[in-house]
Amino acid sequence: MNINVYTESTPNPATMKFIVNKLLINGSADFATKESAEKSPFAKELYKFSFVNGVFFASNFVTVTKTEGTDWNDIEAILKEFVKGAVESELKVQIEEQADDVSFEGTDIEIKIQQILNDYVRPAVEQDGGAIAYRSFEEGVVTVELRGSCSGCPSSTITLKAGIENLLKRMVPEVQEVVSEAL
């Protein structure tokens, strides 16, 4: 199979999506630090570049966060070539494949919230190179975790409040607020 890689900017100026024409992982995997990449040969190799500050995988793309002071014009071609080679040589995203957790748990309201996040929010967030994970629902407050390009993105607060919170409030009247858990 001939591997093609193309890039797409994200709302977060520090991250870029490197999209390939092959499935990399079922679900997603976030390697926000060099230390966390120990279980990912692919992420571990990316962290060997001094300008890589975060790595996130979902379906057919890897989102790379660059270090401050690095210009995408200087590193984009290098990363594109690396991603192409890594995919062609079948470098593993994870040593142990994790099952895509699509089962929802909790009360009826919690299950409804998780279903909405999975069906409506997840695809939109993945388009921007990120991921969202449900954490909890207590006293009207939904707590989520934003990963990938969403983590540290200047527009993530707008996405969280104007997008996700409004959607959940409309579809689940018990929801009063949505907050993001810091990593």
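Conventions used here
- Residues numbered from 1 in each chain as written.
- Predicted model: local features only at pLDDT ≥ 70, side-chain atom pairs only at ≥ 80, totals over all residues.
- Heavy atoms only, no water.
- Pairing = 2+ DSSP bridges.
- Helix = DSSP H or I, 4+ residues; strand = E, 2+ residues; numbered from the N terminus.
- Axes fitted to C-alpha atoms, helices over the stretch in contact; angles between N-to-C directions.
- Contact = heavy atoms within 4.5 Å.
- Phe/Tyr/Trp six-rings, centres within 6.5 Å; stacked < 30°, edge-to-face > 60°.
- Lys NZ or Arg CZ within 6 Å of the ring centre and 35° of its normal.
- Parallel < 35°, antiparallel > 145°, perpendicular 65-115°, else oblique.
- Left-handed = near helix turned anticlockwise from the far one by under 90°.
- Nonpolar A, V, L, I, M, F, W, Y, C, P; charged D, E, K, R; others polar.

Pairing within the open sheet is antiparallel, and its five strands lie in the order β1-β2-β5-β4-β3. The open sheet has two edge strands with one neighbour each: β1 (5–9) and β3 (28–31). Within this sheet the neighbouring strands show an average axis-to-axis angle of 20°, counted without direction. Note: β1 against strand β2 (residues 15–20), five bridges, orientation antiparallel. Bridged to Thr 7 within β2 is Phe 18. Its contacts with the sheet place helix α2 (residues 72–88) against β1, β2, β4 (52–58) and β5 (61–66), and it is angled at close to 35° to β2.

According to the stated counting rule, one finds seven aromatic pairs in the structure shown. Pairing Phe 18 with Trp 72 gives two aromatic rings, centres 6.5 Å apart and planes at 55°, and the pair type is tilted. In this pair, Phe 18 sits in strand β2 while Trp 72 sits in helix α2, placing the two residues 54 residues apart along the sequence. For the pair Phe 56 and Phe 61, a centre-to-centre distance of 6.5 Å together with 50° between the ring planes defines the contact as tilted. By the ring-pair criterion, three or more aromatic residues cluster together here, those being Phe 31, Phe 42, Phe 49, Phe 51, Phe 57 and Phe 82. We note Lys 17 situated over the ring of Phe 61; from NZ or CZ to the ring centre the distance is 4.5 Å.

This next bit is on the packing of helix α3 (residues 108–127) against helix α4 (residues 156–171). Packing of α3 against α4 leaves a shortest axis separation of 11 Å and a crossing angle of 130°. By the criterion of interaxial angle, the relationship of α3 to α4 is oblique. For the pair α3 and α4, the crossing hand works out as right-handed. In this structure, α3 contributes Lys 112, Ile 113, Ile 116, Leu 117, Tyr 120 and Val 121 to the contact, and α4 contributes Ile 164, Leu 167, Leu 168 and Met 171. A class-by-class count of the residues in the contact of α3 with α4 yields nine nonpolar, no polar and one charged.

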